[in-house]
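Given next are the chains, with one letter for each unit.
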Amino acid sequence: MKQKLFQITIIFSTVICIAAGYFYVSSKQTNTNDLRSEQIILLNEIEQLAQSGNLEEMSEKTADLQEELRNEQQASAGVNGLPALCVICLIFLITVSGYVYFQILRPFDKMKLFAEKIAQGNFDIPLDYGRSNYFGAFTWAFDSMRCEITKSRACEKEAIDNNKTVIATLSHDIKTPIASIRAYAEGLEANLDNTHEKRAKYLRVLMRKCDEVSKLTDDLFIHSISDLDKLKTSLEETEICEFMKKITAEISGEQNDVNFTSPEFSPHVMADRKRLTQIAENLINNARKYAKTQIDVNITNSDGFINISFRDYGNGIPDEDMPFILDKFYRGRNCGNEQGSGLGLYIVKYIAEQMKGKVSLHNLHDGLEVTVSLPEISV
């Protein structure tokens, strides 16, 4: 389109120049020849009248000659003005062509290029639009479409990432009760249930862990058939001391490596008991895996929060890893050959935040302390 407009401009400009030159030359030659002939005739008549002494008629002819000279001057001025008219026409033609190019063709080319980039999947190039050109509304619509597509893609990517996170979280949490089931099954195989009470206890734990696995697989199933992008929590009033005492005793089992110290008060919090159990199992099993020491669990209160602390006596976490250790899929540099997905502490943080709480980690001189803080409620 631009080439055609340029060619048309050149053709019309050439035609105007040729026509103007032709009319200029032909008009000047015709006027000059005609006027010269008339002037010669008048001069001859004036000369004859002068010789015959007819002064009155000679004056009339002289006046006619003067009039012819004035007409010649005016005609010459008109012919000399033809190039100026030609220049004005050229300026008008170039102006119209420039207006068509800048106001119509160039915006259209920008829209065409933008559409090609969108078709190629490049949504990062913005399309500037001006209110003064004829395509302003269309340009705004195209750029709005780009923004909406970019936003939709970002939401889709976030949904996919959330989906992967939830599946990885549930898969990670399923491993914990399965490990307990295996441990108690091995105890039964080794005939450690040498009393009726121990056997009943082992069976209760096995059934409870099977129920936990069933609940987690239910979560996984529900997530797979719905649009859930987060694990849900159901908060209820919980007396935290008795609940944690029971949970830590079950997790400790025959390993007897978890020491729970009951405080002198009975705090209450709003918590999801199933999720709180996940927190305890994750933190205790992390300590078992990496510290391989005794684990102390304590409950304190401060600034309206109930603090549940899980303390081991291992090597802790390197200081350079501390800012990132709660991020998903992040593993510390001192994890060695231990298998893991980097989700345990992320799960703990996420569940605590769902219950309006928070998580903090502190390296001590002889171990690591992880504290889960939940808002205290009055009863």
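Below, the structure is looked at part by part. (Residues numbered from 1 in each chain as written. Predicted model: local features only at pLDDT ≥ 70, side-chain atom pairs only at ≥ 80, totals over all residues. Heavy atoms only, no water.)

## So, the environment of Ile 279
No. 1: In this structure, Ile 279 sits in helix α7 (residues 273–290).
No. 2: In contact with Ile 279, not counting residues within four places along its chain, are Val 348, Ile 351, Ala 352, Met 355 and Val 372. (Helix = DSSP H or I, 4+ residues; strand = E, 2+ residues; numbered from the N terminus. Contact = heavy atoms within 4.5 Å.)

## A word on the environment of Lys 201
No. 1: Residue placement: Lys 201 occurs in helix α5 (residues 196–224).
No. 2: Assessed through its relative accessible area of 32%, Lys 201 is described here as partly exposed.
No. 3: When the C-alpha atoms of Lys 201 and Glu 250 are compared, they prove to be 9.7 Å apart, with 49 residues separating the residues in sequence. (Buried < 20%, exposed > 50% of the residue type's maximum accessible area, 1.4 Å probe, protein only.)

## Details of the packing of aromatic side chains
No. 1: If you walk through the whole model with that rule in mind, you get one aromatic pair.
No. 2: Between Phe 324 and Tyr 330 the ring centres are 5.8 Å apart and the planes differ by 45 degrees, which places this aromatic pair in the tilted class.
No. 3: Using a relative accessible area of 25% as the deciding quantity, one classes Tyr 330 as partly exposed.
No. 4: Stacked on the ring of Phe 305, the Lys or Arg Lys 358 has its end atom at 4.8 Å from the ring centre. (Phe/Tyr/Trp six-rings, centres within 6.5 Å; stacked < 30°, edge-to-face > 60°. Lys NZ or Arg CZ within 6 Å of the ring centre and 35° of its normal.)

## Quick look at the packing of α7 against helix α8 (residues 344–354)
No. 1: In contact at an axis separation of 9 Å, α7 and α8 are set at 150 degrees when each is read in the N-to-C sense. In terms of orientation, α7 lies roughly antiparallel with respect to α8. The chirality of how α7 crosses α8 is left-handed. Across from Arg 275, Gln 278, Ile 279, Asn 282, Leu 283 and Asn 286 in α7, the residues of α8 making contact are Gly 344, Leu 345, Ile 347, Val 348, Ile 351 and Ala 352.
No. 2: Grouping the constituent residues of the contact of α7 with α8 by class yields seven nonpolar, four polar and one charged. (Axes fitted to C-alpha atoms, helices over the stretch in contact; angles between N-to-C directions. Parallel < 35°, antiparallel > 145°, perpendicular 65-115°, else oblique. Left-handed = near helix turned anticlockwise from the far one by under 90°. Nonpolar A, V, L, I, M, F, W, Y, C, P; charged D, E, K, R; others polar.)

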